[in-house]
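One-letter residues, chain by chain:
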Amino acid sequence: MADARPFHWEYNPEPVAREVFRIEGGRPLSGSVAISGSKNAALKMLAAATLTGERCRFTNVPEIEDVRVMAETLRDLGVVVDHPAANTYEVASGDVEWLFVPLEAAAKMRASFMLLGPLLSRFGRVIISNPGGDRIGRRPVDLHVDAMRSLGAEIEYRNGYYFATAPGRLRGTEVRFPFVSVMGTENALLAATLADGQTVIRPAAQEPEVDDLIAFLQKMGAEVARTYPDTIEIHGRRRLRGADHSVIPDRIEAGTFVVAGAVTGGRVTLSGAPCDHLAAFVEVVGRAGVGISCGRDTIEVDGTGIDDPGFRACDIQTAPYPGLATDLQPPTSVLLTQAHGVSNVHEAVFEDRLEWLGELNRMGARAELQDDHHASITGRTPLQGAEVEIGDLRAGASLMLAALAAEGTTTIHGAHHVHRGYENIERKFLDLGARIERLAEGTDSTTS
Ligand code: EPU
């Protein structure tokens, strides 16, 4: 049995190893980069593996901090998680001894809340901490909790924890969301696979990561299908079996490298890139005048037109899939600093996801925040090296992009945020010809 975990009032977060990126910009990137497996697909599959006592095997799992946190959280529950080779994880959830997901996990990563649905459905009870995650808006979990209640769960909230039980078994039902939620959909989906009877989820998120999760569940023997674009139907089963699955490539990482090629005026080829999952983003990038072409699983980016004829301003609006991903708004905003004219940015999914533009302005950008959801970016402005601070994962990667495009040296504090979600990012940039170092905060010693 794992040690008892502290409740909220006893919790002191472990200090993170503070690191900085130091980037000397102004060099066109060129060459080829391999895209890693999707963070937001892999995390949900690791959670889904607790739906069965049999072994599940995942390949193409990204080597990132969030995956390590999820593996550690599972081990604390008594789940066996092996990591036999790079990018491969095996999960066997025969004996889950400790149906308690502590604040330590939740404070590090919102996706820890993905354990609610599967543990509740399989074991009939779980105590789970209210999650933290990135500082991008309020990000409540009310939709997840309401979905579990509609499936018959009894849930009380006390002292920062949800105490959830499913008397008997969860019961299939119609889960109606007031608006689309990715993890809300996924939590309801996982819970419904072992519920009694039929569940219909509507509107269901259409993100490719949700479909990858469905593909894995089908291999486990779950009876689940997307019957309309916004509808998922599940017929609950008594048991599921172990399965093997290779995680889809990360479309957000791919979009980040597209912008890297464009804003440095370089030429970059992405291999293993999910072009089909990036249609809205590719449309924007093309509209801005960046050369971009998609093959079956490659994307070629040609940013050499950055000076002549130059990139064009574009208005963008984020939306649930198939719209432009909110996770690609920060990289796209960096691209728009290098486009001529005024671009309007409407961040429709999260409030607070435009605040990082203040850091971008310290590098010479002209971004103006109108309100929590709207900003305008006036370009083209030359970017210069500066000292900036990362507040969350996607803004962090985007400040790296700005630094690669900037003249001079940029020091980016809070590098650990980027390691949550990007595999080996500095290695990948180095291989494309970037000058980048990762240093321990306050020292000159390299750590990579
Ligand atoms: N929302 C609620 N109540 C809820 C759940 C969501 O009000 O119970 C709101 C959110 O505050 C937000 C909107 O609904 O305004 C949509 O949020 P959604 O639930 O779709 O987001 P999520 O499932 O928490 C996932 C990704 C995010 C990504 C969003 C949107 C994972 C682990 N996270 O979050 O990824 O931005 O979908 O696509 O899958 C990232 O990878 O950096 C990241 C933040």
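Here the structure is a predicted model, which means the values were calculated and not measured.

**Overview of the site of the ligand**
- The full set close to the ligand counts 23 residues, and Lys 44, Asp 142, Ser 181, Asp 327 and Val 349 are the nearest of them.
- Between Asn 40 and the ligand, the recorded distance is 3.0 Å, taken from a side-chain N or O atom to an oxygen atom.
- Contact between the ligand and Val 349: an oxygen atom at 2.7 Å from a main-chain N or O atom of the residue.
- In isolation the ligand offers 830 Å² of accessible surface; the protein chains occlude 92% of this area.

**What to know about the sheet that holds strand β7 (residues 125-129)**
- Strand order across the open sheet formed by 4 strands is β6-β7-β9-β8, with mixed pairing between neighbours. The open sheet terminates on both sides in strands that have one partner only, identified here as β6 (100-101) and β8 (154-158).
- One ladder, built from 5 bridges, connects β7 with strand β9 (residues 161-165); its direction is antiparallel. What sits directly across from Val 126, in β9, is Ala 164.

**Concerning the pattern of salt bridges**
- In total, this model carries 29 salt bridges according to the counting rule given.
- Note that Glu 441 is salt-bridged to Arg 18, the shortest N-O span being 3.5 Å. Pair noted here: Glu 441 is in the segment after β25 (435-440) and Arg 18 is in the segment before β1 (19-24), with a separation of 423 residues, a long-range link.
- Note on Glu 441: relative accessible area 27%, which makes it partly exposed.

**Some details on the sheet that holds strand β12 (residues 223-228)**
- Read across the open sheet, the 4 strands follow the order β10-β11-β13-β12; overall the sheet is mixed. Each edge of the open sheet carries a strand with a single partner, namely β10 (174-176) and β12. Neighbour-to-neighbour, the strand axes of this sheet turn through a mean angle of 20 degrees, independent of strand direction.
- Where strand β11 (residues 198-202) and strand β13 (residues 231-235) come together, 4 bridges link them in antiparallel fashion. Following the sheet pairing, Ile 201 is matched in β13 by Ile 232.
- The strands touched by helix α6 (residues 182-193) within the sheet are β10, β11, β12 and β13, with β13 carrying the most contacts at an inclination of about 20 degrees.

**A look at the packing of aromatic side chains**
- Counted by the stated rule, this structure contains 6 aromatic pairs.
- Between Trp 98 and Phe 100, the aromatic rings sit 5.9 Å apart at their centres with planes inclined by 90 degrees, giving edge-to-face as the arrangement. Across the pair, exposure class does not vary: Trp 98 and Phe 100 are buried alike.
- Judged by centre distance (5.7 Å) and plane angle (65 degrees), the ring pair of Phe 113 and Tyr 162 falls under edge-to-face. Of this pair, Phe 113 sits in the loop between α3 (103-108) and α4 (116-123) while Tyr 162 sits in strand β9, placing them 49 residues apart in sequence.
- For Phe 113, a relative accessible area of 1% translates into the label buried.
- Each member of the aromatic cluster is reached from another via a ring pair, and the members are Trp 98, Phe 100 and Tyr 161.

**What to know about the confidence of the model for the chain**
- Looking at the chain, pLDDT values average 93 and 94% of them are 70 or higher.
- Note on residues 1-7: pLDDT under 50 across the span, and 17 contacts to partners over four residues away in sequence or across chains.
- Under a pLDDT of 50 for its full length, residues 133-137 has, in the predicted model, 18 contacts with residues more than four places off or in other chains.

**So, the pairing of β1**
- Summarising the sheet, β1 and β25 pair through 6 bridges and their orientation is antiparallel. In the strand pairing of β25, Val 20 is matched with Leu 439.
- Of the pairings in the sheet, the one linking β1 to strand β24 (residues 409-413) comprises 5 bridges and is antiparallel in character. Bridged to Glu 24 within β24 is Thr 409.

**As for helix α8 (residues 251-263)**
- Taking 1.5 Å of rise per residue, the 13 residues of α8 would be expected to cover 18 Å, and the 18 Å separating its terminal C-alpha atoms lies within 8% of that figure.
- With a side-chain oxygen lying 2.9 Å from the backbone nitrogen of Ile 252, the N-terminal cap of α8 falls on Asp 250.
- Positive phi shows up at Gly 265, right after α8, with a value of about 65 degrees.

**Examining unusual backbone geometry**
- Here the residue pair Tyr 321 and Pro 322 is connected by a cis peptide bond, since its omega of 10 degrees sits within 30 degrees of zero.
- Following the sequence through the fold, Pro 322 ends up in the loop between β19 (316-317) and α10 (329-337).
- Geometrically, the link from Gly 379 to Arg 380 is a cis peptide bond, its omega value of 0 degrees lying close to zero.
- Within the secondary structure, Arg 380 is located in the loop between β22 (374-379) and β23 (387-389).

**Quick word on the nonpolar core**
- If you look at the biggest cluster of nonpolar residues, it comprises 76 residues, and the most contacted ones within it are Phe 58, Leu 115, Leu 120, Leu 189, Ile 201, Leu 217 and Ile 232.
- Element by element, the count of residues in this core is highest for helix α1 (residues 39-48), at 7 residues.
- Among residues more than four places away in sequence, those in contact with Leu 189 are Ile 201, Leu 213, Ile 214, Leu 217, Val 224, Ile 232 and Ile 234.

Thresholds applied
- Residues numbered from 1 in each chain as written.
- Predicted model: local features only at pLDDT ≥ 70, side-chain atom pairs only at ≥ 80, totals over all residues.
- Heavy atoms only, no water.
- Near = heavy atom within 4 Å.
- Polar contact = N/O pair within 3.5 Å; in protein donor to acceptor, adjacent residues only side chain to side chain.
- Areas by Shrake-Rupley, 256 points an atom, 1.4 Å probe, with all protein chains shown as cover.
- Pairing = 2+ DSSP bridges.
- Helix = DSSP H or I, 4+ residues; strand = E, 2+ residues; numbered from the N terminus.
- Salt bridge = Lys/Arg side-chain N within 4 Å of Asp/Glu carboxyl O.
- Buried < 20%, exposed > 50% of the residue type's maximum accessible area, 1.4 Å probe, protein only.
- Axes fitted to C-alpha atoms, helices over the stretch in contact; angles between N-to-C directions.
- Contact = heavy atoms within 4.5 Å.
- Phe/Tyr/Trp six-rings, centres within 6.5 Å; stacked < 30°, edge-to-face > 60°.
- pLDDT = per-residue confidence, 0-100.
- Expected span 1.5 Å × (residues − 1).
- Core = buried A, V, L, I, M, F, W, Y, C linked by side-chain atoms within 4.5 Å.

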